[in-house]
Amino acid sequence: MHGPTPGSPTSTLNDPRSLERAASALRCLPFRRAFYGLLSGEAISSEELHRRVDREQFSFAPLSSDRAEDHFIWLIRVGVLRREVDGQGLTERVRLTPMGRELLERWSGEIPRASLLERIRHGLRRRWPRL
């Protein structure tokens, strides 16, 4: 038998709709590939991202910690990020998921930016997910 079995942890990685929705989020949000590369090796909170001196290399546009947190929450919902867990439970820090790693393998360089139409669709989907 080839590929994951239904119900296995990796079976969602092969769901084309989930992958496309997550890929669209990566193209539409302001984070650069370096940001996701950072998250593949360590967890970071929106406050830590905002305080970093080198944060310009992580985003195409300046982000407040609140705006970054909003983006983190969306990336968690689409399956790209997950919250870090410690002995107390969930933390404010996020880390890349296996799906996020799989999506980053699609692009050898910087993540391509979305077209205007794709950004509009993404914004609608983000605000009204059932549309």
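Residues numbered from 1 in each chain as written. Predicted model: local features only at pLDDT ≥ 70, side-chain atom pairs only at ≥ 80, totals over all residues. Heavy atoms only, no water.

Structural notes on the pattern of salt bridges
Scanning all chains against the criterion turns up ten salt bridges. Taking the shortest distance from any N to any O, the salt bridge between E110 and R32 comes out at 3.9 Å. Pair noted here: E110 is in the loop between α5 (98–104) and α6 (116–127) and R32 is in the loop between α1 (16–28) and α2 (33–41), with a separation of 78 residues, a long-range link. A salt bridge links E84 to R95, with the shortest nitrogen-to-oxygen separation between them at 2.9 Å. Residue E84 is found in strand β1 (residues 81–86), and its partner R95 is found in strand β2 (residues 89–96); the two are separated by eleven residues along the sequence. Each member of the pair, E84 together with R95, is buried. What emerges from the salt-bridge pattern is a single network uniting E20, R27, R106 and E118. (Salt bridge = Lys/Arg side-chain N within 4 Å of Asp/Glu carboxyl O. Helix = DSSP H or I, 4+ residues; strand = E, 2+ residues; numbered from the N terminus. Buried < 20%, exposed > 50% of the residue type's maximum accessible area, 1.4 Å probe, protein only.)

With respect to the side chain of S59
As for its position among the elements, S59 is in the loop between α3 (46–51) and α4 (65–77). Classification of S59 by relative accessible area gives buried; the value is 11%. A distance of 3.4 Å separates a polar atom in the side chain of S59 from the backbone oxygen of P30. Only 2.5 Å separates the side chain of S59 from the backbone oxygen of A61, close enough to count as a polar contact. (Polar contact = N/O pair within 3.5 Å; in protein donor to acceptor, adjacent residues only side chain to side chain.)

Re the pairing of β2
Relative to β2, β1 is paired through five bridges, and the arrangement is antiparallel. From the neighbouring strand, V85 faces β2, where its bridge partner is L90. Taking the residues that link successive antiparallel strands as the turn, the β1-β2 hairpin has two residues. (Pairing = 2+ DSSP bridges.)

Considering the nonpolar core
With 29 residues, the main nonpolar core has F31, F35, Y36, L75 and V80 as its most contacted residues. Sorting the residues of this core by element identifies α1, α2, α4, β2 and α5 as the ones contributing at least two each. Once residues lying within four places of it in the same chain are set aside, the contact partners of Y36 are L26, F31, L75, V80, L96, L104 and I111. (Core = buried A, V, L, I, M, F, W, Y, C linked by side-chain atoms within 4.5 Å. Contact = heavy atoms within 4.5 Å.)

Thoughts on the packing of α4 against α6
Where α4 meets α6, the axes come as close as 12 Å, and the angle between the chain directions of the two elements is 80°. Taken together, the axis directions place α4 and α6 in an arrangement best described as roughly perpendicular. Two secondary-structure elements touch here, α4 through R67, D70, H71 and W74 and α6 through H122, R125, R126 and R127. Considered class by class, the residues forming the contact of α4 with α6 number one nonpolar, two polar and five charged. (Axes fitted to C-alpha atoms, helices over the stretch in contact; angles between N-to-C directions. Parallel < 35°, antiparallel > 145°, perpendicular 65-115°, else oblique. Nonpolar A, V, L, I, M, F, W, Y, C, P; charged D, E, K, R; others polar.)

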